[in-house]
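# Coordinate inspection notes
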Amino acid sequence: MASYDLTPKIAPNLDRHLVFPLLEFLQERGLYAEEELLKAKIELLSKTNMVDYAMDIHKSLYHTDDVPQEMVERRMEVVGRLKVLEEAAAPLVAFLQNANAVQELRADRQYNLQMLSDRYQIGSEQIEALYQYAKFQFECGNYSGAADYLYQYRALCTNSERKLSASWGKLASEILMQNWDIALEELNHLKEIIDSKSFTSPLNQVQSRIWLMHWSLFIFFNHDNGRTQIIDLFNQDKYLNAIQTNAPHLLRYLATAFIVNKRRRPQLKEFIKVIQQEQHSYKDAITEFLTCVYVNYDFDRAQKKMRECEEVILNDPFLGKRVEEGNYSTVPLRDEFLENARLFIFETYCRIHQRVDMGVLAEKLNLNYEEAERWVVNLIRGLKLDAKIDSSTGAVIMEPNYPNVYEQLIDHTKSLSARTYKLVGQLLEHAQAQTAR
């Protein structure tokens, strides 16, 4: 299943520290040779200050207790540089560790800067030193320390570009510490900056959105409400356009979120159109499953794709998260996905056929006859479907459900005002651009 692995496409859009969890997952799943992954880790570590970790991997890779002299020298260099930065940031760090002194800070940034200068002889040099110290701590793998110092630095920083850089570092630190609630707050904070900031080029803004969406995968597939919030973010016009332009592989994660999220079913129809538009640039088992069910009505192929979807999920670092339950480990998303995928097939198949043979339905759902019968009974009860099972013939009989003509009219016109508003907005933007020229 390495052919479905998106790590080569995702990694360039991540901080190198965020790539390590992906490599750990691939190593655990055995998708690539152990030696190949260990070499990739050493290559990544060579551009960080995590020298001790690199030494451990080198020993494991080459089965030796010796390490290259360049690693030893690099470690001495890192330790020396850390001491220099620690001394430069010491006055401000000491102030921040003094609870009584910190209480003197106010919401007014200019007041704080003046107060620090007058009372504690802390100026712009010490504040810049705190940023460099926090950045170095991050590169050393001390994410907790980096997160604390970057948070404090943001409160004192007056340079918008430096502040943005600190926000990316804070987000990465919280992700790597798996503080999902705080990471989500940082994600939303960064989104506000990216959407409101005046970039020198529209391409830079698009690239920032693409980075944000890639980083967000860690949060959305670990946070309790993540699979709803990924739809809220990725399905916005500006972000969906960025996906279609530069990162169509992210459609896998949006498609998965739609499948497991029953409450977002009304938005699925529009998303299916996006999948159709982009199938020439990206498709996998999950996007093809939706095409089979909702576009081609090819239920035999949908059944095959459902099996492939299971393999894709199990071997995806974001979708294949395992949970230990006693002596067993499960993949909750896999179970939820397959349950909803069967529901998609059942709903669409029964919409076309008024009478469905239970044996045929069991085959379409990848279940045996008894499992399929029990699954359908529970579904009819749970969703209060207008259907019944004829035990004598072994068939599911669907009662015809003709949509109300007024409901059809409302359904076709409900997005008219939003589309009109959007069109007017685009025309105004175009007119303003013409006037500016």
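So, how was this worked out
Numbering of residues begins from 1 in every chain and follows the order in which that chain's sequence is written. Confidence filtering applies because this is a predicted model: local features only for residues at pLDDT of at least 70, side-chain atom pairs given and counted only at 80 or more, and all residues used for totals across whole chains, interfaces and linings. The side-chain figures draw on all heavy atoms in the structure; neither hydrogens nor water molecules are used. Each Phe, Tyr or Trp ring (for Trp, its six-membered ring) is paired with any other whose centre lies within 6.5 Å, and the angle between the two planes then decides the class: stacked below 30 degrees, edge-to-face above 60, tilted in between. Starting at the N terminus, helices and strands are each numbered in turn, a helix being any DSSP run of H or I of at least four residues and a strand any DSSP run of E of at least two. Each residue's exposure class comes from its accessible area (1.4 Å probe, protein chains only) as a fraction of the maximum for that residue type: buried when under 20%, exposed when over 50%, partly exposed otherwise. Disulfides are defined in this document as cysteine sulfur pairs within 2.5 Å. Throughout, a residue-residue contact means that at least one pair of heavy atoms, one from each residue, lies within 4.5 Å. Here, nonpolar core refers to any group of buried Ala, Val, Leu, Ile, Met, Phe, Trp, Tyr and Cys residues whose side-chain atoms link them within 4.5 Å. Here, a salt bridge means any Lys or Arg side-chain nitrogen found within 4 Å of an Asp or Glu carboxyl oxygen.

## A closer look at the packing of aromatic side chains
- For the coordinates displayed, the defined rule picks out 15 aromatic pairs.
- Each ring, one from F20 and one from Y53, has its centre 6.0 Å from the other, and the planes form 55°; the classification is tilted. In this pair, F20 sits in helix α2 (residues 16-29) while Y53 sits in helix α4 (residues 51-62), placing the two residues 33 residues apart along the sequence.
- For Y53, a relative accessible area of 26% corresponds to the partly exposed category.
- Between Y294 and F344, the aromatic rings sit 5.5 Å apart at their centres with planes inclined by 75°, giving edge-to-face as the arrangement. With a gap of 50 residues between them, Y294 in helix α17 (residues 285-296) and F344 in helix α19 (residues 332-352) connect regions that are remote in the sequence.

## Some thoughts on the state of the cysteines
- All told, the structure shown has zero disulfides when counted by the stated rule.
- A disulfide-free cysteine, C350 has its sulfur positioned 18 Å from the sulfur of C292, the nearest such atom.

## With respect to the environment of A90
- Its place among the elements puts A90 in helix α5 (residues 69-96).
- Given a relative accessible area of 34%, A90 falls into the partly exposed group.
- With 35 residues separating them along the chain, A90 and E125 place their C-alpha atoms 12 Å apart.

## Observations regarding the environment of L176
- One can find L176 in helix α10 (residues 160-176).
- Not counting residues within four places of it along the chain, the set of residues in contact with L176 comprises H17, L18, P21, F138 and Y143.

## As for the nonpolar core
- Grouped together as the largest cluster of nonpolar side chains are 137 residues, with contacts concentrated most on F234, Y253, F271 and F289.
- Element by element, the count of residues in this core is highest for α19, at 10 residues.
- Setting aside residues no more than four positions away along its own chain, Y253 makes contact with L6, I10, L217, F221, I230, D316, F318 and L319.

## So, the pattern of salt bridges
- All told, the structure shown has 26 salt bridges when counted by the stated rule.
- Here E104 makes a salt bridge to R119, at a shortest N to O gap of 2.3 Å. Here the residue E104 occupies a position in the loop between α6 (99-102) and α7 (109-120), and R119 occupies one in helix α7, the gap between them amounting to 15 residues.
- Of the charged contacts in the structure, one is a salt bridge between E336 and R227, with a shortest N-O distance of 2.6 Å.

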